[in-house]
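Chain by chain, the residues run as shown.
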Amino acid sequence: MADLRILVTGAVGRMGRTLIRAIYETGGMTLAGAVERMGVTEYGEDAGPLAGLKPLGVQVVGEAAALITKADVIVDFSTPAASVGFAALAAENKIAHVIGTTGFSAEDEKKIESCARHTAIVKSGNMSMGVNLLAALTKRVAKTLGNDFDIEILEMHHNQKVDAPSGTALLLGEAAAAGRGINLNERKQSGRDGHTGARKPGDIGFATLRGGSVVGEHTVIFAGPAERLELSHKAEDRMIFARGALAAARWAKGKKPGLYSMADVLGLTDF
């Protein structure tokens, strides 16, 4: 069987370099291309040494269109605007697209949903298998416990992260809301400050911490009368996100058009 050919976007970033290393270390996969925004100092360099590997004969380029015919799947940890463009390119060429980018606007989400009518897109706020199992557990617990248990989500990341709450925190919030049968956008509370008044029953709260080099830590707190349940996940290496994204890439190739999640990839949709 031929290797799965993967085009990595955001190739110069921390996740991009980790993905390139993960592809090299994973059997049955090959790096088909490395794309990064124009103007980076690494433009034109071999992607291998950038990821701490030997030269791979794949240069970092600024345009994905010329490489698209050489790829089976786009694996994308870039920016919201870039990811929307890559989704359109994937849809036009009928190749799968795995999106690990976070921070999308509502309009961005609509555009990606439209592209998913033409190709398979796997999109998740977190590609870690552990985090997605945590989301499934969060949904189940939220469904089981009533509104006497308040739900709060605490997350911490490194000091260079630009969006908040994190995509993972929102993923967990969506899972909790689904368990309760409510709309997260209508019950989300974040950034409390000043005289806020008493907490409203049924709200889902978010708290954000930033500092140092933390890869990612998330805790879902169910606080009830005289007892508290906490579900936590701590990421120690970005390689866990890369491995999950590559599992999604392998799963997505050949799937019918649609917008999928890591719950689909891991068989957790009916958990």
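Quick notes on the rules
- Residues numbered from 1 in each chain as written.
- Predicted model: local features only at pLDDT ≥ 70, side-chain atom pairs only at ≥ 80, totals over all residues.
- Heavy atoms only, no water.
- Helix = DSSP H or I, 4+ residues; strand = E, 2+ residues; numbered from the N terminus.
- Rg over C-alpha atoms; globule rule 2.2 N^0.38 Å.
- Buried < 20%, exposed > 50% of the residue type's maximum accessible area, 1.4 Å probe, protein only.
- Contact = heavy atoms within 4.5 Å.
- Areas by Shrake-Rupley, 256 points an atom, 1.4 Å probe, with all protein chains shown as cover.
- Pairing = 2+ DSSP bridges.
- Axes fitted to C-alpha atoms, helices over the stretch in contact; angles between N-to-C directions.
- Phe/Tyr/Trp six-rings, centres within 6.5 Å; stacked < 30°, edge-to-face > 60°.
- Lys NZ or Arg CZ within 6 Å of the ring centre and 35° of its normal.
- Parallel < 35°, antiparallel > 145°, perpendicular 65-115°, else oblique.
- Left-handed = near helix turned anticlockwise from the far one by under 90°.
- Core = buried A, V, L, I, M, F, W, Y, C linked by side-chain atoms within 4.5 Å.

K.L.:
Would you take a moment to explain the overall build of the protein chain for this structure?
P.N.:
In terms of helices and strands, the protein chain carries nine helices and 12 strands. Its C-alpha atoms give the protein chain a radius of gyration of 19 Å, near enough to 18 Å, the size a compact globule of 271 residues would have. Taken over 271 residues, the protein chain has a buried fraction of 49%. In the protein chain, the share of contacts with a sequence separation of at least 24, taken over all contacts with a separation of at least 6, comes to 70%. Counting every atom, the protein chain has about 13200 Å² of accessible surface; 50% of that belongs to carbon and sulfur.

K.L.:
In this structure, what is going on with the sheet that holds strand E3 (residues 60-61)? I would like to understand it.
P.N.:
Here seven strands make up an open sheet; going across it, the order is E3-E2-E1-E4-E5-E6-E12 and the pairing parallel. If you trace the sheet from one side to the other, it starts and ends with E3 and strand E12 (258-260), each paired once. Sheet topology places strand E1 (residues 4-9) next to strand E4 (residues 73-76); four bridges connect them, and they run parallel. Across the sheet, Val8 pairs through a bridge with Val75, a residue of E4. Contacts from helix H3 (residues 80-93) reach E1, strand E2 (29-35), E4, strand E5 (96-99) and strand E6 (120-123), with the element oriented near 160° to E5.

K.L.:
What am I meant to see in the packing of aromatic side chains here?
P.N.:
Both the distance between ring centres and the angle between the ring planes are used here to describe each pair of aromatic rings. With the rule as written, the count across this model stands at one aromatic pair. A ring pair is formed by Trp251 and Tyr260, whose centres lie 5.0 Å apart and whose planes are at 80°; its orientation type is edge-to-face. What makes Trp251 partly exposed here is its relative accessible area of 21%. Its guanidinium or amino end placed over the ring of Trp251, Lys255 lies 4.5 Å from that ring's centre, counting from NZ or CZ.

K.L.:
Is there a simple way to think about the sheet that holds strand E9 (residues 204-210) in this case?
P.N.:
Working definition: the strands of a sheet are paired by backbone hydrogen bonds and lie parallel or antiparallel to each other. Spatial ordering of the open sheet is given by E8-E9-E7-E10-E11, a layout of five strands whose pairing is mixed. Two strands lie at the open edges of the sheet, namely strand E8 (188-190) and strand E11 (227-235), each paired on one side alone. Here the average twist between neighbouring strands, direction ignored, is 20°.

K.L.:
Explain the packing of helix H5 (residues 129-144) against helix H6 (residues 167-180) to me, please; I cannot follow it from the model alone.
P.N.:
Packing of H5 against H6 leaves a shortest axis separation of 7 Å and a crossing angle of 30°. Judged by the angle between their axes, H5 and H6 are roughly parallel. Note that H5 runs across H6; the crossing there is right-handed. Contact residues: Val131, Asn132, Leu134, Ala135, Thr138, Lys139, Ala142 and Lys143 in H5; Thr168, Leu171, Leu172, Ala175, Ala176, Ala178, Gly179 and Arg180 in H6.

K.L.:
How do you make sense of the nonpolar core when you look at a structure like this?
P.N.:
Nonpolar side chains tend toward joint burial in soluble globular proteins. The biggest cluster of nonpolar side chains holds 41 residues, and the ones touching the most others in it are Ile6, Leu19, Val75, Val98 and Val122. Top contributing element to this core by residue count: helix H8 (residues 239-252), with eight residues. Sequence-distant contacts of Val122, defined by excluding residues within four places in its chain, comprise His97, Val98, Ile99, Met127, Ala248, Trp251, Ala252, Tyr260, Ser261, Met262 and Val265. Judged by nonpolar contacts, the second largest core, of 18 residues, contains Ala142, Ile153, Ala175 and Phe206.

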